[in-house]
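For reference, the chains in residue letters:
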Amino acid sequence: MIESTTKQVALALCAVAVATVSMAGQSATPAASAPTFNHEVAPILYKNCTNCHRPGEIAPMSLLTYKDARPWAKSIATQVGKGTMPPWHADPAHGQFLNDRRLSDADKATLVSWASGGAPEGKPGDLPAAPSYDGGWTIGTPDAIFSMNEDYPIPAAGEVPYQYFEIATNLTEDKWVQAFEVKAGDPKTLHHVIVYARPPAASAPGQGTAAGAPAAARQAPPPPLFDFAPNMEIPAGQTGGRPLPPEERKPAFKNQRGPVRIGPAVGGFAPGQFIRVYQEGTAMKLPAGTTLVFQMHYTPYGKPATDRTRIAVKYAKQPPATQLRWASLQNGALHIPPGASDHRVDAEMTLGSDVTLWSMLPHTHVRGKRWTYEAIYPDGKRETILSVPNYDFNWQTDYVFKQPLKLPKGTKLHATAWYDNSIGNRANPDPTKDVWWGDQTWEEMMFTGLTFSIDLVKSSNTAGREER
Ligand code: HEC
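Student: Explain the overall build of the protein here, please?
Tutor: When helices and strands are counted, the protein shows seven helices and 23 strands. Of all intrachain contacts in the protein linking residues separated by at least 6 positions in sequence, the fraction that spans at least 24 positions is 82%.

Below, the structure is given as C-alpha cells:
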C-alpha cells in the first residue's frame with residue numbers, strides 16, 4: 001500500500017515536471033519560467049534540507065550553495081520524488097505532527113522541474129540570504145553548553161560497552177529546559193547518547209552512585225532507567241499475548257546493572273534525532289545542583305577515534321505553565337526466534353491519572369520494521385494515534401503531536417512492534433540467532449520514549465494546583 005502511494009506521488013510529480021518543461025518550450029522566454037536555484041530552489045533547501053545538508057552535519061553533502069547542490073540535482077529529484085528525502089516515516093493517515101519533515105507537493109514539483117530543466121542557477125539578485133547557523137547550533141545561541149570533560153578513545157574494532165560520563169551543571173537555581181541540541185564529537189562513532197539529569201539529593205542509601213562510592217553501594221541495583229511517572233502503572237510485560245510470570249514483569253535493561261546513578265532523561269541523540277524544541281509554555285525541569293549523566297553508545301568504524309560530545313541548552317525565561325516529563329513504554333521480555341520475518345511484540349500501560357501526551361519516540365534496533373500505537377479509552381473506543389509503517393533504525397524520530405493528546409485516567413496505551421529476523425532483512429546481522437533484549441545493535445529493544453504532562457486537578461479547593 002505504501003509502495004503504491006509512493007509511486008503515485010512519483011508519477012504525479014513526473015506529470016508536473018513534463019507539463020512545466022513543455023510549457024517552457026512554447027514560451028517566448030523559456031528561461032524565465034523554469035525554476036532557478038536562486039529564485040525558487042534555495043528557499044526550499046534552506047527551509048527543509050540545510051539543517052542536515054551543510055558542512056559538519058550528518059548528511060553526506062552540503063546543499064547550501066549552487067556549487068554544492070548542482071551536482072546533486074538529479075539525485076535530489078529522485079529522492080524527493082520517492083519521498084525518501086527529507087526523511088519521514090510515519091503514515092500520514094494517523095495523526096499530525098509538528099516535526100513532519102515532508103515537503104509539500106508544490107515544493108517537490110519545483111525541485112523536480114528544476115532538475116529536469118537543467119538545474120539553472122538564475123539571477124544573482126534573486127538569491128535569499130542563507131540561514132545562519134549560529135556557531136553551528138540549530139537552536140540558536142544556547143544559554144549553556146555542557147560538554148564531556150575528556151576525549152574518549154574508541155578503538156578501531158570490537159564492542160564498546162555503554163560508557164557513562166558525569167558533568168556537573170553547577171546550577172544554583174532550578175532551570176527549565178526549553179530546547180536542547182546534542183552534538184557528537186565524532187558523529188561516525190556515536191550510535192546514541194541519552195542525557196540524564198541526576199538531581200542533587202537523589203542518592204538514596206544503598207543505591208549505586210558514581211565512582212568513589214563504596215563498592216557495596218556500587219553493586220546495589222540502580223533505579224529504573226527512566227523515571228516512571230507517579231500514577232502511571234508500569235506495563236505488565238507481554239510477548240505475543242503470552243502473559244509473563246510476575247518476576248519477569250519488568251523492563252530488563254542490562255545497563256541497569258551499571259554503576260552509575262542516573263535520573264530522568266533530558267535529551268538524546270540518535271541518528272536523525274538530536275534536537276528538541278519544546279512548545280511555548282512547556283519545558284523540562286533541571287533542578288539546581290543537577291549532574292548530567294551522558295550514557296554513550298559507541299560503535300567502532302574501522303579507525304581509532306575519539307569523541308567529546310556536548311549538549312547545548314536554552315532555558316525558558318520563566319517557569320512554564322506545563323511541566324513536561326519523560327516515561328517509557330517497553331517490553332523487556334521480547335524474544336525473536338531465528339528466521340522469523342514478521343514477529344510481533346506488544347507492550348501496554350494504563351494511565352493512572354489524566355495525562356496529556358506530547359510526543360512518542362519508537363525505538364528498536366536493526367530488526368525492527370514497523371510500529372503502531374493505539375489509545376484504548378475507558379469507554380472502549382480505540383484510536384490509532386501513530387503508525388510507522390516503514391520504521392528505519394537509521395532515523396530515530398520523536399513524533400511530536402501537533403495537537404497534544406488528552407488521555408483520560410484509565411486509558412490504555414498499547415504499542416505493537418514487528419521485527420524481521422529473516423535473511424530477507426538486509427540490515428540483519430545474523431538471521432540464525434535467537435534475539436533478546438540488549439544494548440547492542442545486534443540485540444533488540446522494544447522501547448518507546450514518551451513526553452507527557454499530568455493534567456492539573458481542578459476542584460474547588462485545588463484549582464490551579466501546581467504540578468509537582
Ligand atoms: C534530518 C536530516 C536530513 C534532512 C532534513 C534532509 N536530508 Fe538528505 N540526507 C540526509 C542523510 C543523513 C543522507 C545520507 C543517506 C541516508 O542516511 O539516508 C541524505 C541523503 C540525501 C541524498 C542522497 C545522497 C546520495 O548519496 O545519493 C539526497 C539527494 C538528499 N539527501 C537530498 C535532500 C533534500 C533535497 C532535502 C530537503 C528537501 C534533504 N535531503 C533533507 C539527511 C537529511
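Student: So what exactly am I meant to see when it comes to the coordination of the iron atom of the ligand here?
Tutor: Geometry sets the ideal angles at a metal, namely 109.5 degrees for four tetrahedral donors and 90 or 180 degrees for six octahedral donors. Note on the iron atom of the ligand: its protein donors are His53 (NE2) and Met85 (SD). The metal-donor distances range over 2.0 to 2.3 Å. Classification of the site at the iron atom of the ligand rests on its six donor atoms, whose angles at the metal span 85 to 179 degrees, yielding the label octahedral. On the criterion of sequence distance, the pair formed by His53 in the loop between helix 3 (37-48) and helix 4 (66-69) and Met85 in the loop between helix 5 (73-82) and helix 6 (105-116) is long-range, its members being 32 residues apart. By relative accessible area, His53 is classed as buried at 10%. The class for Met85 is partly exposed, based on a relative accessible area of 28%.

Student: Please clarify how the site of the ligand should be interpreted in this entry.
Tutor: Taken together, 21 residues sit near the ligand, with Cys49, Cys52, His53, Ser75 and Met85 positioned nearest. Separating a nitrogen atom of the ligand from a side-chain N or O atom of His53 is a distance of 2.7 Å. Judged by its atoms lying within 2 Å of the grid points, the ligand is housed in the second largest pocket. Take the shell around the ligand: its biggest share by element is four residues, from helix 5. Partitioned by chemical class, the residues of the shell around the ligand number 15 nonpolar, five polar and one charged.

Student: Please clarify how helix 6 should be interpreted in this entry.
Tutor: Structurally, the α-helix is built with 3.6 residues per turn, so residues lying three or four positions apart point the same way. Between its terminal C-alpha atoms helix 6 stretches 16 Å, which fits the 16 Å expected from twelve residues at 1.5 Å a residue. Downstream of helix 6 by one or two residues, Gly118 has phi in the positive range, about 90 degrees.

Student: What's the story with the sheet that holds strand 21 (residues 412-419) in this structure? I'm lost.
Tutor: Strand order in the open sheet formed by four strands is 16-21-18-19, with antiparallel pairing between adjacent strands. Both outer strands of the open sheet, strand 16 (343-350) and strand 19 (382-388), are each paired with one neighbouring strand and no more. Going across the sheet, the axis of each strand differs from the next one's by a mean of 20 degrees, ignoring polarity. Pairing of strand 18 (residues 368-376) with strand 19 involves six bridges; the strand directions are antiparallel. Paired with Tyr373 across the bridge in strand 19 is Leu386.

Student: Could you clarify how one ought to interpret the nonpolar core in this entry?
Tutor: The nonpolar side chains of soluble globular proteins are, as a tendency, buried together. One finds Leu357 and Met446 to be the most contacted residues of the largest nonpolar core, which totals 45 residues. Ala144, Met148, Val160 and Leu190 belong to the second largest nonpolar core, which has 31 residues in total.

Student: I'm lost on the packing of aromatic side chains in this one. Help?
Tutor: Tallied over the full model, the rule gives ten aromatic pairs. Residues Phe37 and Trp114 carry aromatic rings whose centres are separated by 6.1 Å and whose planes lie at 50 degrees to one another, so their mutual orientation is tilted. Taken together, the residues span a long stretch of sequence, with Phe37 in helix 3 and Trp114 in helix 6 at a distance of 77 residues. Taking the centre distance of 6.2 Å and the plane angle of 55 degrees together, the rings of Trp88 and Phe97 count as tilted.

Student: How should I be thinking about helix 3 in this particular structure?
Tutor: For helix 3, which comprises twelve residues, the first-to-last C-alpha distance of 14 Å sits more than 12% below the rise-based estimate of 16 Å (1.5 Å per residue). Among the residues making up helix 3, those that are buried are Phe37, Asn38, Val41, Ala42, Ile44, Leu45, Tyr46 and Asn48. As for helix 3, its buried residues are in contact with helix 4 and helix 6.

Student: Mind showing me how you'd approach the packing of helix 5 against helix 6 here?
Tutor: Two measures define how a pair of helices packs: the angle their axes make with one another and the distance between the axes. Axis separation between helix 5 and helix 6 bottoms out at 8 Å; the angle between their running directions is 150 degrees. Where helix 5 crosses over helix 6, the handedness of that crossing is left-handed. Contact residues: Ala73, Lys74, Ile76, Ala77 and Val80 in helix 5; Lys108, Leu111, Val112, Trp114 and Ala115 in helix 6. Across the contact of helix 5 with helix 6, the residue classes tally to eight nonpolar, no polar and two charged.

Student: Help me understand the packing of helix 3 against helix 6 in this model?
Tutor: With their axes 10 Å apart at the nearest point, helix 3 and helix 6 run at an angle of 130 degrees to one another. The angle between helix 3 and helix 6 falls in the class oblique. Crossing of helix 3 over helix 6 shows left-handed handedness. Residues Phe37, Glu40, Val41, Ile44, Leu45 and Asn48 of helix 3 form the contact with helix 6, whose own contacting residues are Asp107, Thr110, Leu111 and Trp114. Classifying every residue of the contact of helix 3 with helix 6 by side-chain character gives six nonpolar, two polar and two charged.

Student: Quick question: what am I supposed to make of the pattern of salt bridges here?
Tutor: Proximity of charged atoms lets side chains of opposite charge pair with each other. In this structure the tally under the stated criterion is eleven salt bridges. One salt bridge in this structure joins Arg102 and Asp100, with 2.7 Å as the shortest N-O distance. Residue classification places Asp100 among the partly exposed residues on the basis of a relative accessible area of 28%. Between Asp398 and Arg276 there is a salt bridge, with its nearest N and O atoms 2.6 Å apart. Taken together, the residues span a long stretch of sequence, with Asp398 in the loop between strand 19 and strand 20 (399-407) and Arg276 in strand 9 (residues 275-277) at a distance of 122 residues. Side by side, Asp398 and Arg276 carry an identical accessibility label, which is buried. By sharing partners, the salt bridges in this structure join Asp342, Lys369 and Arg370 into a single network.

Student: What exactly am I supposed to notice about the layout of surface pockets here?
Tutor: Empty space among the atoms becomes visible once a probe the size of a water molecule is rolled across them. Its boundaries defined by the atoms lining it, the second largest pocket holds a volume of some 790 Å³. In terms of lining, the second largest pocket is formed by 41 residues, of which the most central are Ile58, Ala59, Pro60, Asn394 and Trp395. Secondary structure elements with two or more residues in the lining of the second largest pocket: helix 3, helix 5 and strand 5 (190-198). By residue class, the composition of the lining of the second largest pocket is 26 nonpolar, twelve polar and three charged.

Student: Which parts of the structure should I look at to understand unusual backbone geometry?
Tutor: Note that the residue after Met85, namely Pro86, is joined by a cis bond; omega there is -15 degrees. Position of Pro86 among the secondary structure elements: in the loop between helix 5 and helix 6. Even without being a glycine, Ala119 presents a positive backbone phi close to 50 degrees. As for its position among the elements, Ala119 is in the loop between helix 6 and strand 1 (144-147). Look at Ala119 and you get buried, because its relative accessible area is 1%. Its identity is not glycine, yet Asn170 carries a phi of approximately 55 degrees, on the positive side. As for its placement among the helices and strands, Asn170 is situated in the loop between strand 3 (163-168) and strand 4 (175-183). Judged by relative accessible area, Asn170 falls into the exposed class, the value being 65%.

Reading the values: rules and limits
- Residues numbered from 1 in each chain as written.
- Predicted model: local features only at pLDDT ≥ 70, side-chain atom pairs only at ≥ 80, totals over all residues.
- Heavy atoms only, no water.
- Helix = DSSP H or I, 4+ residues; strand = E, 2+ residues; numbered from the N terminus.
- Contact = heavy atoms within 4.5 Å.
- Donors = N, O, S within 2.8 Å, 3.2 Å for Na, K, Ca; no water.
- Tetrahedral: all angles 85-135°; square planar, octahedral: opposite > 155°, others 65-115°.
- Buried < 20%, exposed > 50% of the residue type's maximum accessible area, 1.4 Å probe, protein only.
- Near = heavy atom within 4 Å.
- Polar contact = N/O pair within 3.5 Å; in protein donor to acceptor, adjacent residues only side chain to side chain.
- 1 Å grid on protein atoms, 1.4 Å probe; cavity = no way out; pocket = protein on both sides within 12 Å on 5 of 7 lines; lining within 4 Å.
- Sits in = over half its atoms within 2 Å of the grid points.
- Nonpolar A, V, L, I, M, F, W, Y, C, P; charged D, E, K, R; others polar.
- Expected span 1.5 Å × (residues − 1).
- Pairing = 2+ DSSP bridges.
- Axes fitted to C-alpha atoms, helices over the stretch in contact; angles between N-to-C directions.
- Core = buried A, V, L, I, M, F, W, Y, C linked by side-chain atoms within 4.5 Å.
- Phe/Tyr/Trp six-rings, centres within 6.5 Å; stacked < 30°, edge-to-face > 60°.
- Left-handed = near helix turned anticlockwise from the far one by under 90°.
- Parallel < 35°, antiparallel > 145°, perpendicular 65-115°, else oblique.
- Salt bridge = Lys/Arg side-chain N within 4 Å of Asp/Glu carboxyl O.
- Points joined across faces, edges and corners; volume = space filled by probe spheres on them.

All we've got here are geometric facts, nothing functional implied.
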